[in-house]
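# Descriptive analysis of the structure
Read off the chains here:
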Amino acid sequence: MSAEDSSTIVELLQRRLHSLNDLHLTLKHIHWNVVGPHFIAVHEMIDPQVDQVRAMTDDLAERISTLGGVPQGTPGALVADRTWDDYSIGRAEAIEHLGALDVVYTRLIEDHREAMAATETSDPVTQDILIEQLRGLELFQWFVRAHLESSGGRLSTTDARTEHAAADQAAEQARRQP
C-alpha cells in the first residue's frame, strides 16, 4: 500500500473511530436515561450493543496503528473533529429513545458504508473490518426497529430526519397502537 493510500485510510478510520466512540457514549446515555413500561427491555438490550461497539473501536484503533497512524481516542479529539451534534434526547420513554436511536444508526451505517466503498480497491483488509462492523450495526438497528414497527410493517421513523422528530413519531405511533 502506498504511503498516500495509508494516510487516506487512516483519516477515514479516524472518523469512523470517532463515530463509534460517540455511539458508545450515546448508548450508555440512553441506557441511563430510558424510562417507562419498556424500560427493562431497552435497558438490557443496550448493554450488549455498548460492549460490541467498544470492541469495534478497538479494532479500528489497532488498524490505524497497523497502518502507521496514531489513533486519537480522547474526548477532546472526538469533539474537535466530529461533524454531528450531540445526541439530543434526555430522560425519555423507551420508544422515544428508540426512535432517536434509529436515526443515529441510520447516519452511522450510511457513513460506514461510504468508508467501506472507499477502501474496496486500496485496502481490502480495512474493508473487511468495516463489513464485519456493518453486520453488527445493522443487526443492532434491526433490534431497535423491531420496537418501532406497526403490526402492518410501517416503521414509525420512516420520514424522520432528526432525533427529536423520530422520537416524536415513535411516541405518536405507540399511542395509536392498541
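Each chain carries its own residue numbering, running from 1 in the written order of its sequence. The model is predicted, so local features are restricted to residues of pLDDT at least 70 and side-chain atom pairs to those at 80 or more, both for listing and for counting; the totals for chains, interfaces and linings are taken over all residues. Excluding hydrogens and water, the side-chain figures rest on all heavy atoms present in the structure.

With that settled, consider the overall build of the protein. Only DSSP runs of H or I reaching four residues or more are called helices, and only runs of E reaching two or more are called strands; each is numbered from the N terminus. Looking only at helices and strands, the protein has 6 helices and 2 strands in total. Throughout, radius of gyration means the C-alpha value; the globule benchmark is 2.2 Å times the number of residues raised to the power 0.38. A compact globule built from 178 residues should have a C-alpha radius of gyration of about 16 Å, and the protein, at 17 Å, falls within 12% of that. Overall size of the protein, expressed as C-alpha extent along the three principal axes, is 60 × 30 × 25 Å. Here's how the labels work: a residue is buried when its accessible area is under 20% of the maximum for its type, exposed when over 50%, partly exposed in between, all with a 1.4 Å probe on protein chains only. Across the 178 residues in the protein, those meeting the buried criterion constitute 47%. Excluding contacts between residues fewer than 6 apart, the proportion of contacts in the protein whose partners are at least 24 apart in sequence is 76%. Entry remark: accessible area of the protein is about 9,400 Å², with carbon and sulfur atoms responsible for 51%. A contact between two residues is defined here by any heavy atoms of the two lying within 4.5 Å. Note on areas: Shrake-Rupley with a 1.4 Å probe; residue coverage comes only from the protein chains shown.

Here a cavity denotes a set of grid points, spaced 1 Å apart and computed over the protein atoms alone, in which a 1.4 Å probe fits but from which it cannot get out, and a pocket denotes an open set meeting protein on both sides within 12 Å along at least five of seven lines; residues with an atom within 4 Å of a point are reported as lining. Grid points are joined across faces, edges and corners, and a volume is the space filled by probe spheres set on the points. Taken as a whole, the largest pocket holds about 540 Å³ of empty space. Lining the largest pocket are 25 residues; nearest its centre among them are Ser19, Thr83, Trp84, Arg107 and Asp111. Secondary structure elements with two or more residues in the lining of the largest pocket: helix H1 (3-33), helix H4 (94-118) and helix H6 (163-176). A per-element tally of the lining of the largest pocket places H1 first, with 8 residues. For the lining of the largest pocket, a count of residues per class yields 7 nonpolar, 7 polar and 11 charged. Within this model, the second largest pocket holds a volume of roughly 250 Å³. Three residue categories are used. Nonpolar comprises Ala, Val, Leu, Ile, Met, Phe, Trp, Tyr, Cys and Pro, charged comprises Asp, Glu, Lys and Arg, and polar comprises the others, including Gly.

Our focus in this paragraph is the environment of Tyr87. Structurally, Tyr87 can be placed in the loop between helix H3 (75-81) and strand E2 (92-93). Counting along the chain gives 17 residues from Tyr87 to Val104, while the straight-line C-alpha distance between them is 8.2 Å. Residue contacts for Tyr87: discarding those within four places in its chain leaves Thr26, His29, Ile30, His97, Ala100, Leu101, Val104 and Glu163. Nitrogen and oxygen atoms within 3.5 Å of one another constitute a polar contact, given that in protein one can donate a hydrogen and the other can accept it, and given that sequence-neighbouring residues count only through two side-chain atoms. A distance of 2.8 Å separates the side chain of Tyr87 from the side chain of His97, its partner in a polar contact.

A cluster of nonpolar side chains, contributed by Leu139, Trp142 and Phe143, occupies part of the molecular surface with about 310 Å² of accessible area. Relative to the helices and strands, Trp142 is located in helix H5 (residues 124-146). Like-charged residues within 9 Å of one another, or nonpolar side chains (Val, Leu, Ile, Met, Phe, Trp, Tyr) within 5 Å, are grouped into patches, provided each residue has over 30% relative accessible area and no salt bridge. Any carboxyl oxygen of Asp or Glu that lies within 4 Å of a side-chain nitrogen of Lys or Arg is treated as forming a salt bridge with it.

Bringing the packing of aromatic side chains into the picture now. For Phe, Tyr and Trp, rings pair up if their centres lie within 6.5 Å, where Trp contributes its six-membered ring, and each pair is then called stacked (planes under 30 degrees apart), edge-to-face (over 60) or tilted (otherwise). In total, this model carries 2 aromatic pairs according to the counting rule given. Summarising the aromatic geometry, the rings of Tyr105 and Phe140 are spaced 6.4 Å apart at their centres and angled 50° between planes, so their arrangement reads as tilted. Linking Tyr105 in helix H4 with Phe140 in helix H5, this pair joins segments that are 35 residues apart in sequence. Judged by relative accessible area, which is 2%, Phe140 ranks as buried.

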